[in-house]
Amino acid sequence: METRGCSTVIVRKTNLTPKAIIYQKFGTKACYKLEEVQESTQNGCPGLAIPQKGPSLYRCSLELPELFVVSDTFKKKKDAEQCAAEMALKKLGINPAGDNPTELEPWDALIERMTYLFSNEFLQSLHPLSGHLRATLQRDGELCGSIPASVVAVCDAKLSNLCKLLNPKVELNPFLALSFVMRTAARLSGIVVTSKGKLSIQKLNPYPSEIRKLSDIQKSDSPHNIMVEAVHIPVSVDRTVQPVSLNILSDKYYLDAMAQKLGVTDANKVVLSRTIGKASSETRLYFVAPESSMLDVSAELVNLEGHLNVRASYLCSQSIYGDAIMASVGYTWRSKELFHEDISLQSYYRMLISKMPSGSYKLSREAILAAELPSVYTTKSNWRGSLPREILCSFCRQHRLSEPVFSSVSLPFKDSSLSRSHNEVSDADGVELETEYANGRAISTGDQELVESASMFRCKVKIFSKCQDLIIECLPMQIYKKANDAIHNASLKLLSWLNEYFKDLSMPVEQLSYLAHPLNIQFYPENFFKEFLLCPSVHNLQHRVTGRKLPEIRTVDLPCTSSGQDVCSLKIEGLDSGVFPSNGSLLCISYSIFLVTEGKHVKELVERNDEFEFELGTGAVISPLESVLSQMSVGQSAFFSMDLPSCEYILAAADDSGRITSLLTSQTCCLDYAVTFLCVTEPPEERMEQALFSPPLSKQRLEYAVQHIKKSCATTLVDFGCGSGSLLDSLLDYPTSLEKIVGIDISQKSLSRAAKVIEHMEEDQACMFGDVALNYFRPKILIVSTPNYEYNVILQRSSLTNPEEDPDEKTESQSCRFRNHDHKFEWTREQFNNWATELAKKHNYSVDFSGVGGSADVEPGFASQIAVFMRKSLLQEDGILKKENWAENCKVVWEWKSVDSSDSSL
């Protein structure tokens, strides 16, 4: 929607919400009262029933002079209020659609609004713009009462919205709104005056003295200085961002002091950006208008001649020219006094990294150098920091995109698919019903009753530009039992993909497409690169830091992170407590991170956290830190060094950014980490088992295996999925005939004490494992234990209540979730029996079934089901040791020989 000259434009009528219509008709006489409603949930297991607290809901009562109504219950307060308002309108016989007031044409509305803004009445009001107007009356000479047109354009929300109706591009170009304001002022010749070539407006007739007196406008007898710390952002990318101090006199207009810092004498040349950051923030960018913007204020100022400040423009998603100052100062709705707070270099860099998915998550954890955006969303109770959907919505706001649209696809879930992973329900299981959500609110629905009763969900996410151009869409195939879980997982996939782009902003389209395909992401390159045009210019600058490569000295061989960081000089101190973490565990650590110069001559603390909790195995901390922690036991401390990450992270973490910047630019540095492992909360599987069994099922399984191994008189043992070596460690405490013990696991990291069992494989891999183990290794005895899926309902309903867990996760619809988020499948007794029987028959083995926890004679059987395979053929040529090449496919990490137990190694 655009205009030429002063012609009017036709725009659609804006439909007011029910609450807005109530306010129009009743104003402050409408009284809303919100009430929190708790719904209890039953866990569906009578024998082990534990009362549980349900999710919070809200009900709203609305009292009007003529009636009183009470809404239904809703998850969100605002939905309850809108419902109450809608009910009241119906009782009053008002049709919101038909009786919605017709708005004025934008140009007429602009004229009406500007007339009010320069009225005597407005000067006395508590409004950001009236604060500016009162301050300009303290300016000297002909500047008295003269206000920069840019202030009028950005400080009145109603006027700004009218400009957006005239041209949506106002969002990106502050000079477009400026031209609308100046053209409107030109039509108010009897109220305000403008000067040719100047971007300022002045009231034609001075305010009466009584109005000035009522507005508290008078010269102070004892003016004082106000010092405000701000940040100077040069237009040249070769110059660094620096702190700057503003010296503001209490009886002067603060924009005059700002103009002097920007190198001009007239504050009317200063242009203000929109606010940056949270809604209540007064943080803005200030810069001088290019000369070309003052030549013809009657034209739409779109193509300006000037040097674009890419860093400043990136921060506020508007076109900023020349040098800029970022400051938090101005007038607010809260007070007539000038508001101000300091902005540091740390604030600048935090704003910068908040525009990246990983940076936003790091800030939410207050762990910029330790945390990382997780690659997996397991449960709400295990997640720490901002949730994926919140991060995605924040990302879109930061980059001035439309709110993401979440479409929840509902699939009725059939019992026949219980044996499959919750990520593997096919489309054939039910008819899809789709509900779209914009910022969490439903905008269209299918059969709502069927949607609510369905038990499985898939989520589709779409991201549009402000002009509604489709940029990205994601439709993961994974299915979840809760709509919120589907939304968070889809959001996390999008964030992970975007994060890869921000790690390498020069990534070609082909590589982006390659990364998008397995995540079921489709993006539209032309729209995508248009919206993120300035990202490479800004973030690539931060890598210009002098650093050094650490010497190649390591006590362990740990994997590098994607950014090329290496762990060096690792030292673990403290007694081995025997309590180790595993995937799914919640770890609590304390840590300190120091920036140190070469030779350790200078050591500056940049980040510290006394209690930091995260879930192991989800990528919630940087990879080197997780690798180190996987080798530690509770109570131990570790010390190691790492290469420098991007300097924007270091400067965002450090309180004294100026000092750190000096070290980074003049010294060769690295990071020193000091970490203490405080405690660990076992993963859900262990917690559930301990709630019912003593000793825990894990120890019962070990004892079962040990007894069979002793009876077998075997001389060699291979433990498939040995994890942290709990079985192997247990065997060392018993006299056995074993001469050689071998532990095998699917990852070296797992062998460093992240326990695996068979159900951590994909189901097809587990079937392959059986064939490989019995055909290739030909053991005399093979003992396989795995969870009994049918027993999960008892374990999950009787597990000890954790006050931090999400009550929604304990609802009846969750009764069939797996015991551990890392499990790719779990089998029923029938499935396990079929698999083991067919496998034994195929490879000439006998098989016996047993278990631990529970009883085979009482439903639903054993908690852990066990199959013991016995080889029928005892021919030596079938022996594992005759096939010397078996070790060629494995890397030996753990081995024990009875000849000399001191040869045991890891």
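Residues numbered from 1 in each chain as written. Predicted model: local features only at pLDDT ≥ 70, side-chain atom pairs only at ≥ 80, totals over all residues. Heavy atoms only, no water.

S.K.: Tell me about the overall build of the protein, and name the residues and values.
M.R.: Looking only at helices and strands, the protein has 29 helices and 29 strands in total. Taken over 906 residues, the protein has a buried fraction of 51%. A separation of at least 24 residues holds for 69% of the contacts in the protein among residues at least 6 apart in sequence. (Helix = DSSP H or I, 4+ residues; strand = E, 2+ residues; numbered from the N terminus. Buried < 20%, exposed > 50% of the residue type's maximum accessible area, 1.4 Å probe, protein only. Contact = heavy atoms within 4.5 Å.)

S.K.: Describe the sheet that holds strand E27 (residues 845–854), listing the residues and the values that go with them.
M.R.: Strands in a sheet are paired, the pairing made by backbone hydrogen bonds, and the direction either parallel or antiparallel. What the three strands build is an open sheet, ordered E26-E28-E27; its pairing is antiparallel. A strand with exactly one partner marks an edge of an open sheet, and here the two such strands are strand E26 (781–787) and E27. On average, adjacent strands in this sheet sit at an angle of 20 degrees to one another, irrespective of strand direction. Where E27 meets strand E28 (residues 862–871), nine bridges bridge the pair, whose relative direction is antiparallel. Bridge assignment links Val 852 to a residue of E28, and that residue is Ser 864. (Pairing = 2+ DSSP bridges. Axes fitted to C-alpha atoms, helices over the stretch in contact; angles between N-to-C directions.)

S.K.: Can you break down the sheet that holds strand E4 (residues 146–148) residue by residue, with the values?
M.R.: Taken in spatial order, the three strands make up an open sheet running E4-E6-E5, and their pairing is antiparallel. In this open sheet, the two strands that pair with only one neighbour each are E4 and strand E5 (192–193). When E5 meets strand E6 (residues 200–203), the two strands line up antiparallel, connected through two bridges. Residue pairing for E6: Val 192 is matched across the bridge by Lys 203.

S.K.: Explain the side chain of Ser 179 residue by residue, including any values.
M.R.: Within the fold, Ser 179 resides in helix H8 (residues 174–186). Polar contacts involving the side chain of Ser 179 include one to the main-chain carbonyl oxygen of Leu 176, which spans 2.7 Å. (Polar contact = N/O pair within 3.5 Å; in protein donor to acceptor, adjacent residues only side chain to side chain.)

S.K.: Please set out empty space enclosed by the protein residue by residue, giving values where relevant.
M.R.: Applying the stated criterion across every chain yields a total of four cavities of 30 Å³ or more. The wall of the largest cavity is formed by 13 residues, among which Asn 382, Trp 383, Arg 384, Thr 618 and Ala 620 lie closest to the centre. Within the residue set of the lining of the largest cavity, elements represented by two or more residues are helix H13 (357–365) and strand E21 (603–615). Here the lining of the largest cavity takes three residues from E21, the largest share from any one element. Per-class residue counts for the lining of the largest cavity are six nonpolar, three polar and four charged. (1 Å grid on protein atoms, 1.4 Å probe; cavity = no way out; pocket = protein on both sides within 12 Å on 5 of 7 lines; lining within 4 Å. Points joined across faces, edges and corners; volume = space filled by probe spheres on them. Nonpolar A, V, L, I, M, F, W, Y, C, P; charged D, E, K, R; others polar.)

S.K.: Got a sec to walk through helix H24 (residues 697–712)? Specific residues and values, please.
M.R.: With 16 residues, H24 should cover 22 Å at 1.5 Å per step; its first-to-last C-alpha distance of 23 Å lies within 8% of that length. Residues of H24 that are buried include every one of Leu 697, Arg 701, Leu 702, Tyr 704, Ala 705, Val 706, Ile 709 and Ser 712, and no others. Just beyond H24, the residue with positive phi is Cys 713, at close to 60 degrees. (Expected span 1.5 Å × (residues − 1).)

S.K.: Can you lay out the pairing of strand E25 (residues 740–744) for me, pointing to particular residues and giving the numbers?
M.R.: Consecutive side chains along a regular strand alternate between the two faces of the sheet. Burial within E25 is extensive, with four of its five residues counted as buried. When strand E24 (residues 716–720) meets E25, the two strands line up parallel, connected through five bridges. Across the sheet, Phe 720 pairs through a bridge with Ile 744, a residue of E25.

S.K.: Lay out helix H16 (residues 483–503) with the relevant residues and their values.
M.R.: Here H16 is 21 residues long and its end C-alpha atoms lie 30 Å apart, about the 30 Å a rise of 1.5 Å per residue gives. The element H16 is extensively covered by neighbouring structure, given that 16 of its 21 residues are classed as buried.

S.K.: Give me the confidence of the model for the protein: which residues, what numbers.
M.R.: Overall, the predicted model of the protein reaches an average pLDDT of 78, with 73% of residues at or above 70. This stretch, residues 752–756, has a pLDDT under 50; its non-local contacts, to residues over four places away or in other chains, come to 27 contacts. This stretch, residues 899–906, has a pLDDT under 50; its non-local contacts, to residues over four places away or in other chains, come to nine contacts. (pLDDT = per-residue confidence, 0-100.)

S.K.: Tell me about the pattern of salt bridges, and please be specific about residues and values.
M.R.: Pairing is possible between side chains of opposite charge, provided their charged atoms come close. For the structure on display, the rule yields 20 salt bridges. Its salt-bridge partner being Arg 284, residue Glu 282 comes within 3.9 Å of it at the nearest N-O pair. Each member of the pair Glu 282 and Arg 284 is classed as buried. Between Arg 659 and Glu 604 there is a salt bridge, with the nearest N and O atoms lying 3.1 Å from each other. A residue pair is termed long-range when its members are at least 10 positions apart, and Arg 659 in helix H22 (residues 657–666) and Glu 604 in strand E21 qualify at 55 residues. Of the residues examined, Arg 659 reaches a relative accessible area of 34% and is grouped as partly exposed. (Salt bridge = Lys/Arg side-chain N within 4 Å of Asp/Glu carboxyl O.)

S.K.: Give me unusual backbone geometry: which residues, what numbers.
M.R.: Glu 859 connects to Pro 860 through a cis peptide bond whose omega is 0 degrees. Structurally, Pro 860 can be placed in the loop between E27 and E28. Its identity as a non-glycine residue notwithstanding, Ser 317 has a phi of 55 degrees, on the positive side. In this structure, Ser 317 sits in the loop between helix H11 (310–316) and strand E11 (324–330).

S.K.: Describe in detail the side chain of Arg 134, supporting the description with residues and values.
M.R.: Along the chain, the position of Arg 134 falls in helix H5 (residues 128–136). From its side chain, Arg 134 meets the backbone oxygen of Ser 125 in a polar contact 3.1 Å long.

S.K.: Explain the state of the cysteines to me, using residue names and the numbers behind them.
M.R.: Within the structure shown, the criterion is met by zero disulfides. Cysteine Cys 588 remains unbridged, with the sulfur of Cys 679 as its closest cysteine sulfur at 4.4 Å. (Disulfide = S-S within 2.5 Å.)

S.K.: Please set out the packing of aromatic side chains residue by residue, giving values where relevant.
M.R.: As enumerated under the stated definition, the model contains 30 aromatic pairs in all. Seen from their ring centres, Tyr 361 and Trp 383 are 5.8 Å apart, and the 65 degrees between their planes marks the pair as edge-to-face. Linking Tyr 361 in helix H13 with Trp 383 in the loop between H13 and helix H14 (388–398), this pair joins segments that are 22 residues apart in sequence. Under the relative-accessibility criterion, Tyr 361 is labelled buried at 1%. Taken together, the ring pairs in this structure connect Phe 395, Trp 497, Tyr 501, Phe 502, Phe 523, Phe 528, Phe 529 and Phe 532 into an aromatic cluster. Residue placement shows Lys 355 over the ring face of Tyr 314; its charged tip is 4.8 Å from the ring centre. The lysine or arginine in question, Lys 603, covers the ring of Phe 594, its NZ or CZ lying 4.5 Å from the ring centre. (Phe/Tyr/Trp six-rings, centres within 6.5 Å; stacked < 30°, edge-to-face > 60°. Lys NZ or Arg CZ within 6 Å of the ring centre and 35° of its normal.)

S.K.: So what's going on with the packing of helix H1 (residues 18–26) against helix H2 (residues 77–91)? Which residues, and what values?
M.R.: Contact geometry for H1 and H2: axes closest at 8 Å, N-to-C directions at 60 degrees. As judged from the angle between their axes, H1 and H2 are oblique. Note on packing geometry: the crossing formed by H1 with H2 is left-handed. Packed against H1, whose contacting residues are Pro 18, Lys 19, Ile 21 and Ile 22, the element H2 presents Glu 81, Gln 82, Ala 85, Glu 86, Ala 88 and Leu 89 at the interface. Along the lines of polarity and charge, the residues of the contact of H1 with H2 split into six nonpolar, one polar and three charged. (Parallel < 35°, antiparallel > 145°, perpendicular 65-115°, else oblique. Left-handed = near helix turned anticlockwise from the far one by under 90°.)

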